[in-house]
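Structure at a glance
These are the residues of each chain, in order.
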Amino acid sequence: SHGAGSPYADWSLGKTIGVGEGSFGVVRVATHRTSATRCACKLLSRSFVASHGDAHLALERELSIMRHLAQAHGHGAAPLISLLEAREYGD
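Residues numbered from 1 in each chain as written. Predicted model: local features only at pLDDT ≥ 70, side-chain atom pairs only at ≥ 80, totals over all residues. Heavy atoms only, no water.

The number of helices and strands found in the protein is 2 helices and 3 strands. What you see in the protein, going N to C, is helices and strands ordered as β-β-β-α-α. Out of the 91 residues in the protein, the part that is buried amounts to 18%. The long-range fraction of contacts in the protein, counting pairs at least 24 apart against all pairs at least 6 apart in sequence, stands at 27%. (Helix = DSSP H or I, 4+ residues; strand = E, 2+ residues; numbered from the N terminus. Buried < 20%, exposed > 50% of the residue type's maximum accessible area, 1.4 Å probe, protein only. Contact = heavy atoms within 4.5 Å.)

With that out of the way, let us pick up the environment of Ser 45. Following the sequence through the fold, Ser 45 ends up in the loop between strand 3 (38-44) and helix 1 (46-51). With a relative accessible area of 25%, Ser 45 lands in the partly exposed category. Taking the C-alpha atoms as reference points, Ser 45 and Gly 25, separated by 20 residues in sequence, lie 6.1 Å from one another.

Now for the environment of Arg 28. By secondary structure assignment, the location of Arg 28 is in strand 2 (residues 25-32). A sequence separation of 14 residues divides Arg 28 from Gly 14, and the C-alpha atoms of the two residues are 6.0 Å apart. The contacts of Arg 28, once residues within four sequence positions are left out, are Leu 13, Gly 14, Lys 15, Thr 16, Ile 17, Cys 39, Ala 40, Cys 41 and Leu 43. Of note is the side chain of Arg 28, whose polar atom sits 2.8 Å from the backbone oxygen of Gly 14. (Polar contact = N/O pair within 3.5 Å; in protein donor to acceptor, adjacent residues only side chain to side chain.)

On to the confidence of the model for the protein. In the predicted model, the protein carries a mean pLDDT of 77, and 74% of its residues have values of at least 70. When mean pLDDT is compared element by element in the protein, strand 1 (residues 11-16) scores highest at 90, while helix 1 scores lowest at 79. (pLDDT = per-residue confidence, 0-100.)

Attention shifts here to the side chain of His 32. Within the fold, His 32 resides in strand 2. A distance of 3.2 Å separates the side chain of His 32 from the backbone nitrogen of Ser 35, its partner in a polar contact. Beyond its immediate stretch of four places on either side in the chain, His 32 contacts Asp 10, Trp 11 and Thr 37.

This is how it looks when you write it as structure tokens:
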């Protein structure tokens, strides 16, 4: 459903996970079109994050933690959660 120019062209987005929208956005099931890897995809409103300083700080903190976990992956057991991609696109 997403064309070649779409930021989601590599992924097929499925149903919403959990109770629906959160305060920053929504989490949906995503399947990579080539590898069939399934994951959770957090979709956020850029305008909301930009206009709410606390949301921006929370997002930066979450990305920092996820990147740290990804770097630590080689030093023991695989993490329960990992960051596959972080992308930023227009609203």
